[in-house]
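Here is what each chain is made of, one letter per residue.
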Amino acid sequence: DCVVSGPEDAVIRLAVILDGQGVSLRRLKIKGAAHSSMVDPILGTFAEFVKTIPLHPPQIPWVSNVTGTWLTEEEAVQPDYWVRHLRQTVRFTDGIQRLTRDPDQILLEVGPGRTLTTLVTRHPGKAAEQIVLCSMRHPKDIQSDVAFLLTSLGKLWLAGVPIDWVEFYANEQRHRIPLS
């Protein structure tokens, strides 16, 4: 899979060429052309803005879309890294290759939809037994958000992921009711 971005007329011309070659394609429903030259005019302003934000090393390891490998503590705290993140090509396939090296690695898409989950599931490096889940239902799914979340949480728990049940139920009011 590949994503292209750029001026609308150039994307349309490419779509016509690819369609003529029998290449399956679909337009993404996004309003910006991140990771393309179209964001170049805002990079300086963005860099200045990022410099105003306190940056900290990650508390959990995660794979960078800039490098396709584990984000380093040094990268995470450099405003220039985040400017590159906005402009450079997304190294999604490299990141998936990194994550699928360990079939025990559980992958969870955090956010609406299932685009990333679908791409990971189709990746040739993914082992059949590797668990890939979504945290939120697709907008076209009719299942309730709560049921979907609880199902995904249950699958994580069954796979051995420790769940902080005290925190999960922290905002609920429980009452004992005598049954006799």
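Because the structure is predicted, anything quoted here is derived from the model rather than measured.

### A few points about the nonpolar core
In step 1: Counting residues in each nonpolar core, the largest one holds 6 residues, listed as Val 63, Ile 96, Leu 99, Leu 107, Val 120 and Val 132.
In step 2: With residues up to four places along the chain from it excluded, the contact list for Val 132 reads Leu 107, Thr 117, Val 120, Thr 121 and Lys 126.
In step 3: Counting 5 residues, the second-largest nonpolar core is a separate cluster that includes Val 39, Leu 43, Ala 47 and Val 83.

### Notes on helix H5 (residues 92-99)
Each α-helix turn comprises 3.6 residues. Residues three or four places apart therefore point the same way.
In step 1: Residues Gly 95, Ile 96 and Leu 99 constitute the buried set of H5. Looking straight down H5, one finds that the buried residues subtend no more than 100° of arc, so they occupy a single side.
In step 2: Taken together, the buried residues of H5 touch strand E1 (107-109) and helix H6 (115-122).

### Things to note about the pattern of salt bridges
In step 1: Under the counting rule described, the total for this entry stands at 8 salt bridges.
In step 2: In this structure, the salt-bridge partner of Lys 51 is Glu 48, at a minimum N-O distance of 3.3 Å.
In step 3: Residue Glu 48 is classed as partly exposed on the basis of its relative accessible area, which comes to 48%.
In step 4: Ionic pairing is found between Asp 141 and Arg 114, a salt bridge with its closest N-O pair at 3.4 Å. A residue pair is termed long-range when its members are at least 10 positions apart, and Asp 141 in the loop between strand E2 (132-134) and helix H7 (145-158) and Arg 114 in the loop between E1 and H6 qualify at 27 residues.
In step 5: Under the relative-accessibility criterion, Asp 141 is labelled partly exposed at 24%.

### A look at the side chain of Lys 126
In step 1: Position of Lys 126 among the secondary structure elements: in the loop between H6 and E2.
In step 2: Glu 129 is the oppositely charged side chain nearest to the buried, salt-bridge-free Lys 126, at an N-O distance of 7.2 Å.
In step 3: At 3.2 Å, the side chain of Lys 126 and the backbone oxygen of Gln 130 are in polar contact.
In step 4: With near-sequence residues (within four places) excluded, Lys 126 lies in contact with Thr 100, Val 120, Thr 121 and Val 132.

### A closer look at the side chain of Thr 100
In step 1: Relative to the helices and strands, Thr 100 resides in the loop between H5 and E1.
In step 2: The residues touching Thr 100, leaving out its near neighbours within four places in the chain, are His 123, Gly 125, Lys 126 and Gln 130.

Each value, and the rule that gives it
Residues numbered from 1 in each chain as written. Predicted model: local features only at pLDDT ≥ 70, side-chain atom pairs only at ≥ 80, totals over all residues. Heavy atoms only, no water. Core = buried A, V, L, I, M, F, W, Y, C linked by side-chain atoms within 4.5 Å. Buried < 20%, exposed > 50% of the residue type's maximum accessible area, 1.4 Å probe, protein only. Contact = heavy atoms within 4.5 Å. Helix = DSSP H or I, 4+ residues; strand = E, 2+ residues; numbered from the N terminus. Arc of directions from axis to C-beta. Salt bridge = Lys/Arg side-chain N within 4 Å of Asp/Glu carboxyl O. Lys, Arg positive; Asp, Glu negative; His and termini not counted. Polar contact = N/O pair within 3.5 Å; in protein donor to acceptor, adjacent residues only side chain to side chain.

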